[in-house]
Amino acid sequence: MNEILKKRVLTPVTKEIVVSAPRIARKAQPGQFVILRVSEEGERIPLTIADFDREEGTVTLVYQEVGYTTRLLGKLETNDSIMDLAGPLGLPAELPEKGRVVAVGGGVGVAPLLPKCKELHRRGIELISIIGARSSDLVILEDEMRACSNELHICTDDGSRGFKGFVSDKLKQMFETGLNPDEVDEVIAIGPIPMMKATCAVTKEFGVKTWVSMNPIMVDGTGMCGACRVTVGGETKFACVDGPMFDGHLVDWDEAWRRANSYREQEHIANERCRCGGEH
Ligand code: FAD
Ligand code: FES
Ligand code: MG
């Protein structure tokens, strides 16, 4: 059992919890994730390690309540416990030692982006960050992102805050109006599949290497079940052990989108049960 030591509500649908997990905290690196079960009979879901404190023995998770299990997790309060947490899983992100990076985060994707940005800042990298959400009340971790960025741009789809439009539109505008793509060493883009796909289309046009963090359905998280299969550069990769970070220009986005939506009907049914307070 892993105790929740702190809980913070970031937006009406996004929560941050600090969980006691000394062995995971000791080994965690930016880019890695955990797989947790809320309760004994619960499903396993992956969440990125948004932060860790080796001394305190804690990991921080930021999650958006999108369905049955994340809603169940959202009901737990400080001093409650999560059944189990496995990790750290996945490869640590390969981050540059010097230069200039643009970090692009969409929605809850800002949570997995943050640990990489903190590490880039620690290494003295010049960091330009673009974060976005559907509306201003859904923008998360703004202060934390500002603290590690040289420049922070905020975008909302409805224009209620900052640039009106998608983060990919903002990046394109910046490339067209002064940000020299030749002076950007790489872009890191994390968020929903359509957002990462659109961002990669922009960076491909301007010739800037781009890392994305793939978020396919995962079950075991150890490379054995094959659920998290993604095609990258024509090769089959397992996001849990070969990723989750990949070269975004090589990802087969249409296949990733199809696979992510495979269980929509079942997820909808489970979600409706959760809303009504029912069991699995
Ligand atoms: P459901 O209604 O069951 O599913 C909603 C959607 O979530 C699905 O359509 C599917 O796209 C995705 N999903 C469902 N089950 C899984 C599963 N077992 N594995 C992966 N995706 C699934 N979300 C966050 O909010 N914060 C994070 O830091 C974060 N990090 C992630 C890191 C990785 C490596 C991966 C693969 C996913 C991450 N996610 C993160 C997504 C998160 O795992 C899903 O939102 C969650 O599993 C949804 O479960 P649910 O039962 O609440 O919703
Ligand atoms: Fe099973 Fe990756 S989650 S192989
Ligand atoms: Mg689910």
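Residues numbered from 1 in each chain as written. Chains lettered and ligands numbered in written order. Predicted model: local features only at pLDDT ≥ 70, side-chain atom pairs only at ≥ 80, totals over all residues. Heavy atoms only, no water.

Further remarks concern the overall build of the protein chain. Check the secondary structure of the protein chain and you find nine helices and 17 strands. Here the protein chain has a C-alpha radius of gyration of 18 Å; the compact-globule value for 280 residues is 19 Å, and the two agree. Counting only C-alpha atoms, the protein chain reaches 55 × 40 × 35 Å along its principal axes. When each of the 280 residues of the protein chain is scored for burial, the buried share is 52%. Of the contacts formed within the protein chain by residues at least 6 apart in sequence, a portion of 65% connects residues at least 24 apart. Entry remark: accessible area of the protein chain is about 13,300 Å², with carbon and sulfur atoms responsible for 48%. (Helix = DSSP H or I, 4+ residues; strand = E, 2+ residues; numbered from the N terminus. Rg over C-alpha atoms; globule rule 2.2 N^0.38 Å. Buried < 20%, exposed > 50% of the residue type's maximum accessible area, 1.4 Å probe, protein only. Contact = heavy atoms within 4.5 Å. Areas by Shrake-Rupley, 256 points an atom, 1.4 Å probe, with all protein chains shown as cover.)

Looking at ligand 1, there are 23 residues lining it, with Glu 43, Pro 46, Val 62, Thr 70 and Glu 267 nearest. Interatomic distance of 3.0 Å between a backbone N/O atom of Thr 69 and an oxygen atom of ligand 1. A total of 860 Å² of accessible area belongs to ligand 1 in isolation, and the protein chains cover 88% of it. Looking at the shell around ligand 1, the elements with two or more residues in it are strand S4 (44–48), strand S6 (58–64), helix H2 (68–74) and helix H9 (264–275). The element best represented in the shell around ligand 1 is S4, accounting for five residues. Counted by class, the shell around ligand 1 contains 13 nonpolar, six polar and four charged residues. (Near = heavy atom within 4 Å. Polar contact = N/O pair within 3.5 Å; in protein donor to acceptor, adjacent residues only side chain to side chain. Nonpolar A, V, L, I, M, F, W, Y, C, P; charged D, E, K, R; others polar.)

Turning next to the sheet that holds strand S14 (residues 210–213). One open sheet holds the seven strands; their spatial order is S12-S11-S10-S9-S13-S14-S17, and the pairing between them is mixed. Both outer strands of the open sheet, strand S12 (163–164) and strand S17 (245–247), are each paired with one neighbouring strand and no more. Bridge analysis of strand S13 (residues 186–190) against S14 gives three bridges, and the strand direction is parallel. Looking at S14, one finds that Val 187 is bridged to Thr 210. Of the strands in this sheet, strand S9 (100–106), S13 and S14 touch helix H6 (residues 193–206), which is tilted by about 165° from S13. (Pairing = 2+ DSSP bridges. Axes fitted to C-alpha atoms, helices over the stretch in contact; angles between N-to-C directions.)

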